[in-house]
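# Commentary on secondary and tertiary structure
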Amino acid sequence: MINPVFMIAIPLGLAFISLIFKKAAKWILLAGASINVIMLFFLEMGSVAIGGFNKLHAINLSLGWYSYTGIILVSVLFLAIVIVSFDKIEKYGTVLLTALAGISGMILTSDIFNLFVFMEITAISAYILSMKGKKPRHSFNYLVIGAVGSVLYLLGTVLLYNQTGFLGMSGIQLMADKINPSYLYLPFFLLFAGLAVEAKLIPFSGWVKGVLGNADSLTGALFAAVYSGAILFVMGKIFLMFSNAEALRTVIVIIGLVTFAFGEAAAFRQKKMRRILLFSSIGQSGLAIALLALGLTFPAVLVIINNAVAKMIMFTVAGKLNETYETDDYTNLTGVFYSNKLIGVAFSISALSLIGLPLFLGFYAKLNVLTSLFNGGNWFIPVIILVFAIVEGAYFIRLLISLWAPGKEGEYADVKHAAGTHKLFKPINVVLIFILSLVILAAGLFPDFVGKTITSGDDVQFSMSQLKGGE
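We now turn to the structure provided with this report. (Residues numbered from 1 in each chain as written. Predicted model: local features only at pLDDT ≥ 70, side-chain atom pairs only at ≥ 80, totals over all residues. Heavy atoms only, no water.)

### Let's talk about helix α7 (residues 169–176)
The condition that has to hold: Using a 1.4 Å probe on the protein chains alone, a residue whose accessible area is under 20% of its type maximum counts as buried, one over 50% counts as exposed, and one in between counts as partly exposed. Secondary structure elements are taken from DSSP: a helix is a run of H or I of four residues or more, a strand is a run of E of two residues or more, and numbering for both begins at the N terminus. Working rule for contacts: check all heavy atoms of both residues, and any pair within 4.5 Å makes them a contact.
Taken as a whole, α7 has its buried residues at M169, S170, G171, I172 and A176. Residues of α7 that are buried in the fold lie against α5 (112–130), α6 (136–164) and α10 (217–241).

The following block contains the structure:
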């Protein structure tokens with residue numbers, strides 16, 4: 001079996017090698033991302049202590065079924081994004097390898113200071129990649145907000161170490177159950193605020209519109225799917241450390257729900273595809289955070305997976321449409337799927353899954369969310385989710401109709417009325433995107449298999465024992 005540390009060490013080592021062989025950096029990146037996916041089948045489960053200390057004081061990497069689900073999600077999506085957007089990588093091969101190492105470290109680490117280190121590695125890569133949008137003002141805004149978030153997180157780490165004497169999550173969790181919960185509120189909130197920048201939560205999401213609204217097919221998919229998915233899995237580990245800080249968790253639930261409502265309402269008002277998707281991503285992040293703060297880990301994981309896979313597909317397509325037609329306003333892109341039917345089907349499956357229609361993963365996710373909330377005696381939050389599910393359905397259906405139907409309303413649907421007939425992707429990329437969409441469909445058709453796969457074991461530190469919908 002392979003030590004999980006190689007999921008971090010190999011991409012980082014290859015990043016240094018790519019600095020020497022700059023012309024081959026793209027291919028080194030492809031090799032590194034492929035190696036990480038292959039290693040997923042051979043990883044050693046459990047907790048790995050590094051440094052020769054005991055578990056409570058060592059630098060720990062933890063690979064249980066919670067972190068394993070997260071590392072599978074980000075590794076597979078990262079490789080898919082590299083393949084589909086291979087021609088967009090240009091000189092960013094080293095940066096992307098560094099990002100892969102940082103993202104893998106974020107999910108695998110069980111030490112809050114090392115989490116900070118991996119966050120900084122990932123954030124620096126993100127700042128550089130955001131410059132691909134050729135909007136330096138927005139990148140600078142992202143850097144400033146991210147820097148503030150990093151300072152808040154580091155301050156929370158210092159306070160938490162002062163109060164508990166541990167940096168390892170297992171040690172902090174052990175001490176958190178023994179001290180007055182009110183002493184944990186400030187460090188907990190500081191950690192949360194630091195992570196909330198990348199999680200796109202209000203009021204920490206000021207950078208999102210400028211960066212994702214101008215992202216290309218590579219960076220849009222990377223930020224909305226891989227970066228977002230990783231940070232949400234990290235949030236889940238942070239919340240589980242502070243299970244007794246009920247008052248602050250309630251505040252975070254409110255922040256998550258406000259973010260959810262704002263994101264979905266803002267998406268409804270947009271005409272540009274990337275703005276629709278970025279506000280939808282903000283909303284889905286808010287919902288996932290609210291569920292994690294409530295302790296509903298399994299439903300939250302389903303929401304994260306569904307959103308990550310769908311947004312990877314949709315941002316890739318939206319970015320490519322903007323590059324091809326120099327606009328992502330869907331009112332000017334009528335009928336573009338008429339000549340790209342397989343891509344259109346993949347995009348449609350993703351959108352319908354986000355809406356939560358039956359037969360898709362999104363339906364299973366929302367069913368679990370609602371069932372878990374009802375089982376807990378909560379009726380208010382399900383009403384909010386159902387109301388904004390209607391809003392979400394309205395703007396996605398409106399988008400799909402425009403992209404599929406050539407010409408204006410009332411005209412005969414003929415290819416001559418389409419906004420364009422360009423082929424968007426190479427055949428191999430079309431097949432890959434379509435296969436990813438079939439994963440969403442298959443997960444919706446066989447939900448029991450998905451549930452058993454995710455919850456087939458308990459994490460070393462963090463249990464996924466919440467009820468699944470229908471149980």
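### Digging into the nonpolar core
Looking at soluble globular proteins, one finds that nonpolar side chains tend to be buried together. Test applied: Nonpolar core, defined: a set of buried Ala, Val, Leu, Ile, Met, Phe, Trp, Tyr and Cys residues in which side-chain atoms within 4.5 Å join the residues together.
M235, F242, M312 and F396 are the most contacted members of the largest nonpolar core, which totals 169 residues. Looking at this core element by element, the count peaks at 18 residues for helix α13 (residues 297–325). Beyond its immediate chain neighbours, meaning those up to four positions away, F242 contacts L160, I172, L184, F188, L191 and R249.

### Some words on the packing of helix α3 (residues 65–84) against helix α4 (residues 93–108)
Applicable threshold: To obtain an axis, a line is fitted to C-alpha atoms, over the contacting stretch when the element is a helix, and the angle between two such axes runs from 0 to 180 degrees between their N-to-C directions. Here roughly perpendicular refers to angles of 65 to 115 degrees, roughly parallel to angles under 35, roughly antiparallel to angles over 145, and oblique to all remaining angles. By the definition used in this description, the sense in which the near helix is turned from the far one sets the handedness, with an anticlockwise turn below a right angle giving left-handed and a clockwise turn giving right-handed. Gly falls in the polar group here, along with every residue not listed as nonpolar (Ala, Val, Leu, Ile, Met, Phe, Trp, Tyr, Cys, Pro) or charged (Asp, Glu, Lys, Arg).
Contact geometry for α3 and α4: axes closest at 9 Å, N-to-C directions at 165°. Looking at the two axes, α3 sits roughly antiparallel to α4. Of the two possible hands of crossing, α3 and α4 adopt the one that is right-handed. Side by side, α3 and α4 meet where S67, G70, I71, V74 and F78 of the first sit next to L96, L100, I103, S104, I107 and L108 of the second. Its residues assigned to classes, the contact of α3 with α4 comprises eight nonpolar, three polar and no charged.

### Focus on the packing of α5 against α10
Where α5 meets α10, the axes come as close as 12 Å, and the angle between the chain directions of the two elements is 165°. Judged on the interaxial angle alone, α10 and α5 are roughly antiparallel. Seen along the crossing, α5 lies across α10 with a hand that is left-handed. Between α5 and α10, the contacting residues are I112, L115, T122, S125, A126, L129 and S130 on the first element and T219, L222, F223, Y227, V234, I238 and M241 on the second.

### Overview of unusual backbone geometry
Omega for the peptide link from I202 to P203 comes to 5°, which places this bond in the cis form. Considering the arrangement of structural elements, one finds P203 in the loop between α8 (185–199) and α9 (208–212). Although it is not a glycine, E90 sits at a positive phi angle of roughly 50°. Residue placement: E90 occurs in the loop between α3 and α4. Overall, the relative accessible area of 49% leaves E90 in the partly exposed class. For K200, which is not glycine, the phi torsion reads 65° and is therefore positive. Its location among the elements puts K200 in the loop between α8 and α9.

### Some points on the pattern of salt bridges
Selection criterion: Whenever Lys or Arg places a side-chain nitrogen within 4 Å of a carboxyl oxygen from Asp or Glu, that contact is recorded as a salt bridge.
Counted under the stated rule, the structure contains three salt bridges. Between E392 and K366 there is a salt bridge, and its shortest N-O distance comes to 3.0 Å. With E392 in helix α16 (residues 380–404) and K366 in helix α15 (residues 361–375), the pair connects residues that are 26 residues apart, well separated along the chain. Its relative accessible area of 1% is what places E392 among the buried residues. Under the relative-accessibility criterion, K366 is labelled buried at 15%.

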